[in-house]
Amino acid sequence: MSSSETILSNLTASHPAEQQFYENVGALLSSKLYHQLTVAVLDFTSDKSNLHISSDFNNFYILYNDILSNAELKIKSKLNPLMLARIAWNTAQTVVPTQPQKGVEILTELIESFSVKASASSSPPSRSAFASGTPSNPPAPHAKLYAESKLHLLQMDVEKVKLFLKENSVILKELSISTESEVAAVHSAYYQTAMDLYKRVGPADAFYKQAIQFLHYTPPAEVEDAKSLARDLCLAALVGKGVYNLGTVVYENSELLATLKGETDGFLVELMESAAVGNVGAFEALETHRVYLERNGCDIKAIQEKILLLGLVNLVFEKESGERTMAFSDIAKRLQVDLEQVEWIAMKALSLGLIKGSMDQVDGIIDVTWVMPRVLDQKMMTALAKRFGEWYDKVSETKDFMGERIPAF
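Hey, could you run me through the overall build of the chain in this one?
Assigned secondary structure in the chain consists of 22 helices and five strands. Evaluated residue by residue, the chain yields a buried proportion of 43% over its 409 residues. Working note: accessible area of the chain is about 22300 Å², and carbon and sulfur atoms make up 53% of it.

Is there a simple way to think about the pattern of salt bridges in this case?
Two side chains of opposite charge can pair, provided their charged atoms sit close to one another. The final tally for this structure, using the stated rule, is eleven salt bridges. For Arg-231, the salt bridge goes to Asp-232, with nearest N and O atoms at 3.6 Å. Arg-231 gets classed as partly exposed once you look at its relative accessible area, which sits at 23%. Judged by relative accessible area, Asp-232 falls into the buried class, the value being 14%. Across the salt bridge formed by Glu-294 and Arg-290, the nearest N and O atoms sit 2.9 Å from each other. In this pair, Glu-294 and Arg-290 are both assigned in helix α18 (residues 290-295), four residues apart and thus about one turn of the helix distant.

How should I be thinking about the side chain of Asp-265 in this particular structure?
Positionally, Asp-265 belongs in the loop between α15 (254-257) and α16 (267-276). Setting aside anything within four residues of it in sequence, one finds Asp-265 in contact with Arg-231, Leu-260 and Tyr-292.

When you look at the sheet that holds strand β5 (residues 365-371) in this model, what are you seeing that I'm missing?
Sheet strands associate in pairs through backbone hydrogen bonding, adopting either a parallel or an antiparallel arrangement. Strand order in the open sheet made by the three strands is β3-β5-β4, with antiparallel pairing throughout. Strands at the two margins of the open sheet, each flanked by one partner only, are β3 (325-327) and β4 (355-360). Along the sheet, successive strands turn relative to each other by an average axial angle of 25°, direction set aside. Where β3 lies against β5, three bridges are found, and the strand directions are antiparallel. Paired with Met-326 across the strands is Ile-366, a residue of β5. Contacts between helix α20 (residues 328-335) and the sheet are confined to β3, β4 and β5, with β3 contributing the most and set at about 70° to the helix.

It is not clear to me how a nonpolar patch on the surface should be interpreted in this structure. Could you clarify?
Taken together, the side chains of Phe-401, Met-402 and Ile-406 present a nonpolar region at the surface, about 290 Å² in accessible area. Relative to the helices and strands, Met-402 is located in helix α22 (residues 378-405). The class of Met-402 is partly exposed, set by a relative accessible area of 41%.

What counts and how
Residues numbered from 1 in each chain as written. Predicted model: local features only at pLDDT ≥ 70, side-chain atom pairs only at ≥ 80, totals over all residues. Heavy atoms only, no water. Helix = DSSP H or I, 4+ residues; strand = E, 2+ residues; numbered from the N terminus. Buried < 20%, exposed > 50% of the residue type's maximum accessible area, 1.4 Å probe, protein only. Areas by Shrake-Rupley, 256 points an atom, 1.4 Å probe, with all protein chains shown as cover. Salt bridge = Lys/Arg side-chain N within 4 Å of Asp/Glu carboxyl O. Contact = heavy atoms within 4.5 Å. Pairing = 2+ DSSP bridges. Axes fitted to C-alpha atoms, helices over the stretch in contact; angles between N-to-C directions. Patch = residues over 30% accessible without salt bridge, like charges linked within 9 Å, V, L, I, M, F, W, Y side chains within 5 Å.

In structure tokens, the structure reads:
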């Protein structure tokens, strides 16, 4: 019996319920179906319900270290590099709680093997390489980037991470030529590391931007500690400078926010929903939860200002394009502020580029020609669709009118 057969036999004996999986791994090894083998192990280690840990046993680690990385089997170089890196990360996470250095070693050794592989590939292939016909995956800068991202996530040396993110932004852009799954996996790892960095050092808007990118490339089911991320994202959106498109959080990441419902900080979801449309009724929630918000670094006055600005943006959006000349008194009534405050709110919105237009302080009116594009909810989308329909009808009527009165030449 070979060493791999012995290892798989022992795994099966320890967990008979997974016999079919371990037998399949053995069959794929024997048949040299390395791609299928990598896919099978990646799927298995991606499901934490398959993990079994005891004082001297970790089936994920055994699969990675004793099967895929086994020097005697010599199959490591034949495996898909990015899938191997993802398996390594799945494995490293299982040992980090009790042996953090072991998790670091798993990723470090893999990164070094990628570097050696890249160095070897820069030399002309030998005759034996042509003669053997043995398939081998090419150097994998994207797989290395994935593994390095995860390694930095574990170690989080602030200055080293900043340098790493800067140096590898070019490689990240090159992923546009790769498959969709490769793009998602590597971007997710890169932005997770960036997100964790800015959570530690700030500012809030930088964390927000990286978190949104991370969520764009990460399936909801794969988000670790979703409740914590949902809370941090809401707080960052509320206080982050220049963050006004709150619909990106509320409407595009509603599944993430749903994890907060029923929790102590579940009020953040309702607060975000109100703030996204500039509902000044949110001021009451700010006062109710003032202690919680200030304890988490929130400036209540700054949040109130953001809500007022978004209230003006939403008011403009609700108007037809030809009806966007508004009196200060109407704005004051909508935002529930004194008339004297409207001029300041309008000037602030104009200076931030949330709206474009002109203001007449003497007559107390503002003429808006453009409003900030943003993510809309279903109700807003329905209203917009209705407007497009009305616009289409008007254009059709004008076309027919002109067609009846312009002679044919």
